[in-house]
Amino acid sequence: MNKKYFLQLVFLIAIFVSLQNIVFATLDEINTLYKQGVALAAEGKFDEATHVFQKILERDKTNRVTLKALQTIHDIDIKNIDAIYAKSLFKALSYIINGQDEKGINVLNTAIKLNPHYAEAYHDLGVIYYSLGRISEAQQQYRKAIKVNPQYPDAYNSLGYIDERVFGNQESALTNFNKALERDPSFAEAYSNLGLVYENLGKLQEAIASYQKSIELGPNFPKAYNNLAYLYASLGDSDKAFPYLQKAIEIDPKAANAYALLGMIYFASNKFEEAKENLITAKELFIETKDYDGVKKMDDYLNQIPK
């Protein structure tokens, strides 16, 4: 065995062992529990909701939306908000989860009129606007959240996400993600987003370090695994990409991009049966999410597979 192959094998074994030592839960399991907890809190059953949210943290101790939900309940106890206000916030979340965005917007706007000093409400409203493609309104709400609470990290992260994804403004995104991390150094998603910016700027070692930090802090956050796998694959190192892709799929069985990349890697290696299986799965998931660009890309690869 040559030295290069031996070192690569040692590296892969180390990854495998480290990942196996982490307790994982699928996103479906977590999302089901989160939905239950939000529904209970929307009815004002905060003790029962807390019990459900704590079940999520037993599976994923860094799950951010769950920690935020528990913080909202805690804010009742410390009298930052009252129970009726908190109930309204969870009612809005329940509407959002069930695809009733306009009802969610109405409830949040009413809540903000009653108490204009709670950053979470502005941020939640911004999230809905972003999902509806109302980008400038989303930015406006995130900035209001920061004005109300300059130490609120999620608003900086969300602004950075828009900077990077919508406008391609990498420098502004870098600033906002760093501000988020200054305020919360345990923010796994912000590290993953920071890695993407570094990758776009060609700072690949910084990107790898950021993705790895995201995985360390949030072992159930699939995007970091997927982003790191894409980076390794783009560098021509498919062997390093594989364990991260497999873990992304383990956490999120509907991770279309992970299946797509696996299919493309197998295709490039002339492993056409494995390629076909993963490309078809990715295509079905892209159809489910109405990502028709993804569907077309999968069809392009499938049409090149020898009959």
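Given the structure is predicted, the values throughout are model-derived calculations rather than measurements. (Residues numbered from 1 in each chain as written. Predicted model: local features only at pLDDT ≥ 70, side-chain atom pairs only at ≥ 80, totals over all residues. Heavy atoms only, no water.)

Caption draft 1: View of the overall build of the protein chain. When helices and strands are tallied, the protein chain shows 17 helices and zero strands. Taken over the C-alpha trace, the protein chain has a radius of gyration of 21 Å; the compact-globule value for 307 residues is 19 Å, and the two agree within 12%. Expressed as a percentage of contacts within the protein chain between residues at least 6 apart in sequence, the contacts between residues at least 24 apart total 51%. In the structure as shown, the protein chain presents an accessible area of about 16000 Å², 51% of it carried by carbon and sulfur atoms. If the 34 positive side-chain charges of the protein chain are averaged to one point and the 38 negative ones to another, these points end up 2 Å apart. (Helix = DSSP H or I, 4+ residues; strand = E, 2+ residues; numbered from the N terminus. Rg over C-alpha atoms; globule rule 2.2 N^0.38 Å. Contact = heavy atoms within 4.5 Å. Areas by Shrake-Rupley, 256 points an atom, 1.4 Å probe, with all protein chains shown as cover. Lys, Arg positive; Asp, Glu negative; His and termini not counted. Charge placed at Lys NZ, Arg CZ, Asp CG, Glu CD.)

Caption draft 2: Representation of the nonpolar core within the structure. One finds Phe53 and Phe90 to be the most contacted residues of the largest nonpolar core, which totals 99 residues. If you tally residues by element for this core, the top one is helix H15 (residues 256–268), at 10 residues. Here phenylalanine 90 is in contact with Val38, Ala41, Ala42, Phe46, Phe53, Ala69, Thr72 and Ile73, once residues within four sequence places are set aside. (Core = buried A, V, L, I, M, F, W, Y, C linked by side-chain atoms within 4.5 Å. Buried < 20%, exposed > 50% of the residue type's maximum accessible area, 1.4 Å probe, protein only.)

Caption draft 3: Region of interest: helix H7 (residues 119–131). When the terminal C-alpha atoms of H7 are compared, their 19 Å separation across 13 residues agrees well with the 18 Å that a helix rising 1.5 Å per residue should span. Burial of H7 is extensive: 10 of the 13 residues sit out of reach of the surface. Ala119, Glu120, Ala121, Tyr122, His123, Asp124, Leu125, Gly126, Ile128 and Tyr129 are the residues of H7 that are buried. Lining the buried residues of H7 we find helix H4 (64–77), helix H5 (83–97), helix H6 (101–114), helix H8 (135–148) and helix H9 (153–165). Where H7 terminates, the next one or two residues include glycine 133, which has phi positive at roughly 80°. (Expected span 1.5 Å × (residues − 1).)

Caption draft 4: Layout of helix H16 (residues 272–288). With 17 residues, H16 extends 24 Å from end C-alpha to end C-alpha; this agrees with the ideal 24 Å at 1.5 Å per step. Turning to H16, its buried residues are Ala275, Asn278, Leu279, Ala282, Leu285 and Phe286. Along the axis of H16, the buried positions cluster into a sector of 125°, meaning they face one direction only. Away from its buried face, by an angle of more than 90 degrees, H16 presents the exposed residues Glu273, Glu277, Glu284 and Glu288. The elements touched by buried residues of H16 are H15 and helix H17 (292–302). A positive phi of about 60° marks lysine 290, the residue just after H16. (Arc of directions from axis to C-beta.)

Caption draft 5: How the structure looks around the pattern of salt bridges. According to the stated counting rule, one finds 15 salt bridges in the structure shown. Aspartate 237 is the salt-bridge partner of lysine 240, the closest N and O atoms lying 3.8 Å from each other. In this structure lysine 240 comes out as partly exposed when scored by relative accessible area, which is 22%. The network of salt bridges with shared partners includes Arg64, Lys68, Glu120, Asp154 and Asp184. (Salt bridge = Lys/Arg side-chain N within 4 Å of Asp/Glu carboxyl O.)

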